[in-house]
Amino acid sequence: MLASICVHPRKPILGTCSDDGTWRMYSIPNGDLIMSGDGHKDWVSGMDFHPRGTHAVTGSGDGTVKIWSFSSASCTSTLRDHTQAVWSVAYHDLGDFVVSASMDHTAKLWDTATGRCQQTFRGHVDSVNHVTFQPFSNNICTASGDKTVSLWDSRSGLCIQTFYGHLNSVTCAAFSLRVGNQCDSCWLYP
């Protein structure tokens, strides 16, 4: 089953990840397979492209985050600090940092140069299902199984604001590109 898709920032390429433990890149619109990776030990749930399009990051049910280089066609870093499955991953606009969201109720900020966890965001009482950066800022937005969406300062690790009102688990949050301070969220009806 296809778990997630993303679009390359510079080329007509679609990235996919699946419960078969792989990620793939396809050309758009003809659908030719360009590259794939299979280094995770469990399903792959999230994928994002580096802003320059040179790398990809993936998150998996094996609790790891992997960074893949397109020039070497291999995994260059495996980030291990989550204690449960990783649902979502995202690059910062500059590509220096990656965030990950996990079933362990946390989100983490990773330095892509060192592979070290720089910050752990704690406060959700259920799985963190999705994570994204607010465009052109240091803020991170998380969507959680605890029915909330939270905005975090990546420098301090502190929660800036928590948004309430969903009746079920929140599966996604996104910022408007036209209005960078507007956040939308969604949930799946059971």
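Residues numbered from 1 in each chain as written. Predicted model: local features only at pLDDT ≥ 70, side-chain atom pairs only at ≥ 80, totals over all residues. Heavy atoms only, no water.

Participant: Could you give an account of the sheet that holds strand E5 (residues 44–49), naming the residues involved and the relevant values?
Facilitator: Judged by pairing direction, the sheet is antiparallel, and its 4 strands sit side by side in the order E5-E6-E7-E8 without closing on themselves. Only two strands of the sheet have a single partner each, and these edge strands are E5 and strand E8 (74–80). Across this sheet, the average inter-strand angle for adjacent strands is 20°, counted without regard to direction. Two strands pair when backbone bridges link them, and E5 and strand E6 (residues 55–60) are joined in this way by 5 bridges, in the antiparallel orientation. Each bridged residue has a counterpart across the sheet, and for Val 44 the counterpart in E6 is Ser 60. (Pairing = 2+ DSSP bridges. Helix = DSSP H or I, 4+ residues; strand = E, 2+ residues; numbered from the N terminus. Axes fitted to C-alpha atoms, helices over the stretch in contact; angles between N-to-C directions.)

Participant: Mind laying out the pattern of salt bridges, listing which residues take part and the relevant values?
Facilitator: Inspection of the entire model under this criterion finds 2 salt bridges. Of the charged contacts in the structure, one is a salt bridge between Lys 108 and Asp 81, with a shortest N-O distance of 3.3 Å. With a gap of 27 residues between them, Lys 108 in strand E11 (residues 106–111) and Asp 81 in the loop between E8 and strand E9 (86–91) connect regions that are remote in the sequence. Here Lys 108 falls in the buried class, since its relative accessible area comes to 4%. Given a relative accessible area of 36%, Asp 81 falls into the partly exposed group. Residue Arg 155 pairs with Asp 153 through a salt bridge whose shortest N-O separation is 3.3 Å. In this structure Arg 155 comes out as exposed when scored by relative accessible area, which is 59%. For Asp 153, a relative accessible area of 16% translates into the label buried. (Salt bridge = Lys/Arg side-chain N within 4 Å of Asp/Glu carboxyl O. Buried < 20%, exposed > 50% of the residue type's maximum accessible area, 1.4 Å probe, protein only.)

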